[in-house]
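# A look at the structure
Next come the chains, spelled out residue by residue.
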Amino acid sequence: MKFFNTLEHVNENSKCLFNLSDVEQALDVVVQNITQDLADKQPVVLGVMRGALPMMGYVVPRLAFYIEVDYVHATRYQQNLSTGDLMWLHEPHVNLKDRSVLLIDDILDRGITLKAITEKCYELGAADVKIAVLCHKQIANFTPAILADYIALPVPDAYIFGYGMDYEGGWRNAPGIYELTSASD
């Protein structure tokens, strides 16, 4: 396992795809689109932990209409990159019955986890569910299990980290979105 202890190490071993300014400009467009669609619906905004934290911190204060905020934590990744069965660590505590729900997540790749979370929201009575993601991974000849309604940035089919997405558990705080360019030890 190779750890990058400083931002200098990150920059030596990865390529910055989008700097902090790029990310925030893209999220401003997402906020505008969410506002157009949901301003009159008093939605419940659910962050998908842990990757959604930075995006939630940017988006939520910019939604100038009534919302309730909660989070969900479901994972198929048990401390490695292989997928497993969906494991619920936290279900929403806000009542979703007859409510519009906005799910915020860091990345849409295969869409399996987001689809399961969406289905859970409907099981809990949600009237409709919209999905906002920071990144949509561009996987050739593949359609995800579910599509996002709001996408800030497209990213290549590579190991992506930063702005909520982790590199081996860390660097969710990297100030932008990075593509790993050197192999992990």
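My aim in this report is to walk through the structure given alongside it, one point at a time. (Residues numbered from 1 in each chain as written. Predicted model: local features only at pLDDT ≥ 70, side-chain atom pairs only at ≥ 80, totals over all residues. Heavy atoms only, no water.)

## Comments concerning helix α4 (residues 112-123)
Across its 12 residues, α4 extends 17 Å between first and last C-alpha, which sits within 8% of the 16 Å expected from 1.5 Å per residue. Every buried residue of α4 is accounted for by Thr-113, Leu-114, Ile-117, Thr-118, Lys-120 and Cys-121. Summarising the axial view, the buried residues of α4 lie within an arc of 160 degrees, below the 170-degree limit, and thus occupy one face. On its buried face, α4 sits against β2 (44-48), β3 (68-75), β4 (87-90), β5 (100-108) and β6 (128-138). Directly beyond the C-terminal end of α4, a positive phi value near 100 degrees is found at Gly-125. (Helix = DSSP H or I, 4+ residues; strand = E, 2+ residues; numbered from the N terminus. Expected span 1.5 Å × (residues − 1). Buried < 20%, exposed > 50% of the residue type's maximum accessible area, 1.4 Å probe, protein only. Arc of directions from axis to C-beta. Contact = heavy atoms within 4.5 Å.)

## Some thoughts on the side chain of Lys-137
Mapping Lys-137 onto the fold places it in strand β6. We note that Lys-137 is buried and unpaired, the nearest opposite charge coming from Asp-157 at a distance of 4.4 Å. Once you skip the residues sitting within four places of it in the chain, Lys-137 turns out to touch Ile-107, Leu-108, Asp-109, Val-155, Pro-156, Asp-157, Ala-158 and Ile-160. (Lys, Arg positive; Asp, Glu negative; His and termini not counted. Salt bridge = Lys/Arg side-chain N within 4 Å of Asp/Glu carboxyl O.)

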